[in-house]
Amino acid sequence: TRLTRKQWYQRRVRVVQMDLILATAGFDYMIRLWSPHNATCFKKLGHRDSQVNKLDISTDGKHLVAAGHQQIRVYDLASPSPYPSMTYDKLNKNVTSVGFQSLKQWIYTGGEDGLVCIWDIRTAVCQRKLKLPSSVNSVALHPDQTVLFIGQENTTCSYWDLRQNQEIVVHKNQTKEGSIQSLSVNNIARQLCAIDNKGLLRLWDISELSQPRCITAEQCHENRGLKCTFSPDCAYIATTSADTTARLWNINTDGITLDKTFSTPEQKWVWDAVFSTDSQFLFTASSDGTVRLWDSQVANAPKQEYAAHQKAVVSIAFWDREAQNFYTKENST
């Protein structure tokens, strides 16, 4: 059904005026946008022909990028159209990681073909690429926007210095056990964490990036680790696992200590997690098709559930206008 001009304007204004946006996606070929406060799904974006492996929302909140099988798609969130505004389809296998550069000048991806790529956001052309010997499971952008941290299937954790065009290894397990499933760098660029398929979390001090120092290696889960992420205030690390739990860890000078475990009887594999901007709340995505909102101060039932997906939810993206204002100030100084 064609929209009238008034309906088109009303839908556009609704998204533009949002202060908070929660995006969720997975194996049902559908991206959903939610109002986090009341769990209302206010928009659905089609993602035909492929599951969604990873989502990211640009710093200005105007665009969303979705990584799937052999392609990435960019959506204009202010448009009433449910279809992508641009598609990048010259990829060989599953794209496992995707994200925007802070000023939205380019997009980075990592995939099962062993390639980490930088794409021109206007032309969908790959500007630079790094070929690695193993599948890439996770990519994280350094806050200074000049380094990409990379987690590989072959247990290697490394980084790509974009200025020097050089890959430098941070860690590699000589036993070839423990593939890196997820990694994260904190907002002040002092620590890096990575979780492997054995549930082992490693934490490094990267204050001197050329000489990373391992702070600790902790067995956070007895089953496959799936996601690790720092809280915006750099005080916590959240981890998720195939053991059906998400866990919150305090960061201290000697390493990490368990703070809380989040779980429900209905919850299955927990694939993804993202903090709210104030670090008080944690969103988690599960194979039971539900996204849950937890209070980091209280380890009881979830405060909110977002249940509309028909299959597993494996990726979440969260945008807060306050974070946009922060990055705008940072880039203007």
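Fair warning: this is a prediction, and the values are worked out from it, not measured in the lab. (Residues numbered from 1 in each chain as written. Predicted model: local features only at pLDDT ≥ 70, side-chain atom pairs only at ≥ 80, totals over all residues. Heavy atoms only, no water.)

Q: So what's going on with the sheet that holds strand S20 (residues 225-230)? Which residues, and what values?
A: One open sheet accounts for four strands, arranged S20-S21-S22-S23; its pairing is antiparallel. In this open sheet, the two edge strands, each paired with only one partner strand, are S20 and strand S23 (255-262). Neighbouring strand axes in the sheet, compared pairwise and without regard to direction, differ in orientation by 25° on average. (Pairing = 2+ DSSP bridges. Helix = DSSP H or I, 4+ residues; strand = E, 2+ residues; numbered from the N terminus. Axes fitted to C-alpha atoms, helices over the stretch in contact; angles between N-to-C directions.)

Q: I'd like a rundown of the environment of glutamine 166, residues and numbers included.
A: Here glutamine 166 is to be found in strand S15 (residues 166-171). Relative accessible area serves as the criterion here: at 43%, glutamine 166 is assigned to the partly exposed category. Ignoring any residue separated from it by four or fewer positions in sequence, one finds glutamine 166 in contact with Tyr159, Trp160 and Asp161. (Buried < 20%, exposed > 50% of the residue type's maximum accessible area, 1.4 Å probe, protein only. Contact = heavy atoms within 4.5 Å.)

Q: Which residues make up the sheet that holds strand S24 (residues 270-275), and what values do they have?
A: Across the sheet, which stays open at both edges, the four strands sit in the order S24-S25-S26-S27 with antiparallel pairing between neighbours. The sheet is open, and its two edges are formed by S24 and strand S27 (304-307), each paired on a single side. With strand direction ignored, the average angle separating the axes of adjacent strands in the sheet is 20°. Where strand S25 (residues 281-286) meets strand S26 (residues 290-295), five bridges bridge the pair, whose relative direction is antiparallel. Looking at S26, one finds that alanine 285 is bridged to valine 291.

Q: Give a detailed account of the packing of aromatic side chains, specifying residues and quantitative values.
A: Working definition: an aromatic ring pair is given by the centre-to-centre distance plus the angle between the planes. Scanning all chains against the criterion turns up seven aromatic pairs. The rings of Trp34, Phe283, Tyr306 and Phe318 are connected pair by pair, giving a single aromatic cluster. (Phe/Tyr/Trp six-rings, centres within 6.5 Å; stacked < 30°, edge-to-face > 60°.)

Q: Account for the side chain of threonine 239, naming residues and giving values.
A: For threonine 239, the position within the fold is in strand S21 (residues 236-241). For threonine 239, a relative accessible area of 0% puts it in the buried group. At 2.7 Å, the side chain of threonine 239 forms a polar contact with the side chain of histidine 221. Residues contacting threonine 239, with those up to four places away along its chain left out, are Ile195, Leu201, Cys220, His221, Lys227, Cys228, Thr245, Ala246, Arg247 and Trp249. (Polar contact = N/O pair within 3.5 Å; in protein donor to acceptor, adjacent residues only side chain to side chain.)

Q: If you had to explain the confidence of the model for the protein chain to someone new, which residues and values would you point to?
A: For the protein chain, mean pLDDT is 91; residues scoring 70 or higher make up 92% of the total. Low pLDDT, under 50, characterises residues 325-333; the predicted model gives this stretch three contacts beyond four residues in sequence or across chains. (pLDDT = per-residue confidence, 0-100.)

Q: Which residues make up the pattern of salt bridges, and what are the values?
A: Scanning the model with the defined rule gives ten salt bridges in all. Among the ionic pairs, aspartate 60 bridges to lysine 104, the shortest N-O distance being 2.8 Å. Of this pair, aspartate 60 sits in the loop between strand S4 (54-57) and strand S5 (63-67) while lysine 104 is found in the loop between strand S8 (95-100) and strand S9 (106-111), placing the two residues 44 residues apart along the sequence. Given the relative accessible area of 23%, aspartate 60 is considered partly exposed. One salt bridge connects arginine 292 with glutamate 305, and the closest N-O pair in it is separated by 3.2 Å. With a gap of 13 residues between them, arginine 292 in strand S26 and glutamate 305 in strand S27 connect regions that are remote in the sequence. Residue class for arginine 292 comes out buried when judged on its relative accessible area of 2%. For glutamate 305, a relative accessible area of 38% puts it in the partly exposed group. Linked through salt bridges whose partners overlap, the residues forming this network are Asp288, Arg292 and Glu305. (Salt bridge = Lys/Arg side-chain N within 4 Å of Asp/Glu carboxyl O.)

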